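# Structural overview for review
Chain by chain, the residues:
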Amino acid sequence: MTQSGPGVMPGLEPPGASREAARPGSSHGAAREPAALQPQLDAFLARHEAGLIEFRRDLHAHPELGYNEYRTTDRIVAALTAAGLKPRVLPRGTGLFCDIGPEDGYTVALRADIDALPLQDEKADAPYRSTVPGVAHACGHDVHTAMVLGAGLFLAQQAEAGLLPGRVRLLFQPAEETPGGALDVIAGGGIVGVDRAFALHCDPRIEVGELGLRTGAITAACDKVYVKVTGPGGHTARPHLTADLVYALAKIVTELPAALSRRVDPRSSLSLVWGRVSAGSVANAIPDDGIAEGTVRCLDDEAWHRAPDMMRALLQSVAAAYDVSASLEYVRGVPPTVNEATSVQMFRDAAAQVLGEDGAVPTPQSLGGEDFGWYLESVPGALARLGVRKPGSTVEYDLHRGDFDVDEDCVAVGVRVLTATALTALWDGNRPGADEPVEGTALA
């Protein structure tokens, strides 16, 4: 059964409205009209939107790679401290988390990633172009940071006024691109006590004012594999006296992906793709070693956990057939990001309040990696895609490109969505039937 949206969260009713009328279970449904949250966000953004955009531009001009986000961390800490909050920096000295509201009770986490990419900023005309050679915010992490900061500042005002119905934890995560920063947040206690987690990611394929939603896997696991093959080499005129290592390596490179895909449910989208193969140095000599390097991607959590053992067994089987020795180094990257249905519904309810009934749109799965999946291994939650393309624009940007940029109107949209989602989750997180399947999976 489709769950009805929560309307306006209690405590956010228009000035003069009865607090009693907005209490959960109250019969005064009129106090839960969706319009009530908008005036408060409008007033907040009228005062703070320009400052949040300037904050984003400052981060964009001074990007920092994973585990080197010291200046970025200092800027975030200063902004939160000025608002009367008490941020806690992670042990490595970059990244932080910060609680808003009561020390216990239902807790919702909002996550931003703060690191940049090792790319040259190619936006010659942008006044906020990167000042750091070879480093750029080409994935929108500066935008994510500004949005979570803005939502946090608004929610801190609500908490100070006694209107926040639970606790919100802001997660400013380092090293998403490395990856590994999510694990540092977890190891530092960042999700202890968290009941639900949400994140937004910029999407230049979606227009500003739209929110891309999907139930289930939205991004893939991404691991790296390194295969080394060894055997007796020799002259190409006498391959029968060698292991013919190049031929054996070619069989491994072609047969392993095919065999791996047959060992799991096709719906898991488990794939092995090679990016580098190397063996030998001259045409008439069979080498005694060779390597293949590639990536394993997967949309299913169970298949992801099984992949290393399956690949080792298949590798040994193929190698034995050609009398070579093969070793595998399997390097875990990130798990698939699997959106929980109830959390997606909360995003959808929030979007309806602050973007309108048509604000939520379907979004496709991506085989790219996103380490928000580590959080969702421990707590329910969802990642949504935030439109950052100027409405009507024919210019096509993509992530991880030196010319990537956004329509900065998306910052205010993100603040609205994150705020409404956090409040929706706080008030509606334990509603009856929350664990039932959610209809409306045209968005899934």
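Moving on: the sheet that holds strand S2 (residues 96-100). Taken together, 8 strands build an open sheet; the order of strands is S1-S2-S4-S3-S5-S16-S6-S15 and the sheet is mixed. Taken across any chain shown, the strands that pair with only one partner, and hence form the sheet edges, are strand S1 (88-89) and strand S15 (360-362). Sheet topology places S2 next to strand S4 (residues 167-173); 5 bridges connect them, and they run antiparallel. Opposite Cys98, over in S4, you have Leu170 as the bridge partner. Its contacts with the sheet put helix H4 (residues 141-160) on S2, strand S3 (107-113), S4, strand S5 (196-207) and strand S16 (381-389), and the angle it makes with S3 is roughly 150 degrees. Relative to the sheet, helix H8 (residues 341-354) contacts S5, strand S6 (211-213), S15 and S16, its axis offset from that of S5 by approximately 60 degrees.

Aromatic ring pairs are defined here through the distance separating the ring centres and the angle between the ring planes. Counted by the stated rule, this structure contains 5 aromatic pairs. Between Phe372 and Tyr375 the ring centres are 5.5 Å apart and the planes differ by 55 degrees, which places this aromatic pair in the tilted class. Pair check on accessibility: Phe372 and Tyr375 agree, each one buried. The positively charged end of Arg92 is found above the aromatic ring belonging to Tyr67, 3.9 Å away from the centroid. Its guanidinium or amino end placed over the ring of Trp304, Arg332 lies 4.0 Å from that ring's centre, counting from NZ or CZ.

Look at H4: 28 Å from first C-alpha to last across 20 residues, which is about the 28 Å you get at 1.5 Å a residue. Taking burial as the measure, the 20 residues of H4 include 17 buried ones, the bulk of the element. Remark: Gly162 follows H4 within two positions and exhibits a positive phi of approximately 75 degrees.

The topology assignment puts Arg169 in strand S4. Within the structure, Arg169 has its side chain in polar contact with the side chain of Asp99 (distance 2.6 Å). A polar contact is formed between the side chain of Arg169 and the backbone oxygen of Val192, at a distance of 2.8 Å.

We now examine the environment of Asp265. Residue placement: Asp265 occurs in the loop between helix H6 (245-261) and strand S10 (271-279). For the pair Asp265 and Asp300, spaced 35 residues apart in the sequence, the C-alpha separation amounts to 9.1 Å.

Time to look at helix H3 (residues 70-82). Taking 1.5 Å of rise per residue, 13 residues should cover 18 Å, and H3 covers 18 Å from first to last C-alpha, within 8% of that figure. Those residues of H3 lying buried are Thr72, Thr73, Ile76 and Leu80. Viewed end-on, H3 has its buried residues packed into an arc of 100 degrees, placing them on one side of the element. Among the exposed residues of H3, those oriented more than 90 degrees off its buried face are Asp74 and Ala82. In this fold, the buried residues of H3 make contact with helix H2 (37-61), S1, S2, H4 and S4.

Proximity of charged atoms lets side chains of opposite charge pair with each other. Tallying each qualifying case throughout the model produces 23 salt bridges. Ionic pairing is found between Asp99 and Arg169, a salt bridge with its closest N-O pair at 2.6 Å. Here Asp99, found in strand S2, pairs with Arg169, found in strand S4; they are 70 residues apart in sequence, far enough to count as distant. For Arg169, a relative accessible area of 4% puts it in the buried group. Of the charged contacts, one joins Arg332 and Asp223 as a salt bridge, the two residues approaching to 3.0 Å between their closest N and O atoms. Within this pair, whereas Arg332 is found in strand S13 (residues 325-334), its partner Asp223 is found in strand S8 (residues 221-230), the two being separated by 109 residues in sequence. For Arg332, a relative accessible area of 32% corresponds to the partly exposed category. We classify Asp223 as buried; its relative accessible area is 0%. Through salt bridges that share partners, Arg56, Arg57, Asp142, Asp405 and Glu408 make up one connected network.

The rules we used
Residues numbered from 1 in each chain as written. Predicted model: local features only at pLDDT ≥ 70, side-chain atom pairs only at ≥ 80, totals over all residues. Heavy atoms only, no water. Pairing = 2+ DSSP bridges. Helix = DSSP H or I, 4+ residues; strand = E, 2+ residues; numbered from the N terminus. Contact = heavy atoms within 4.5 Å. Axes fitted to C-alpha atoms, helices over the stretch in contact; angles between N-to-C directions. Phe/Tyr/Trp six-rings, centres within 6.5 Å; stacked < 30°, edge-to-face > 60°. Buried < 20%, exposed > 50% of the residue type's maximum accessible area, 1.4 Å probe, protein only. Lys NZ or Arg CZ within 6 Å of the ring centre and 35° of its normal. Expected span 1.5 Å × (residues − 1). Polar contact = N/O pair within 3.5 Å; in protein donor to acceptor, adjacent residues only side chain to side chain. Arc of directions from axis to C-beta. Salt bridge = Lys/Arg side-chain N within 4 Å of Asp/Glu carboxyl O.

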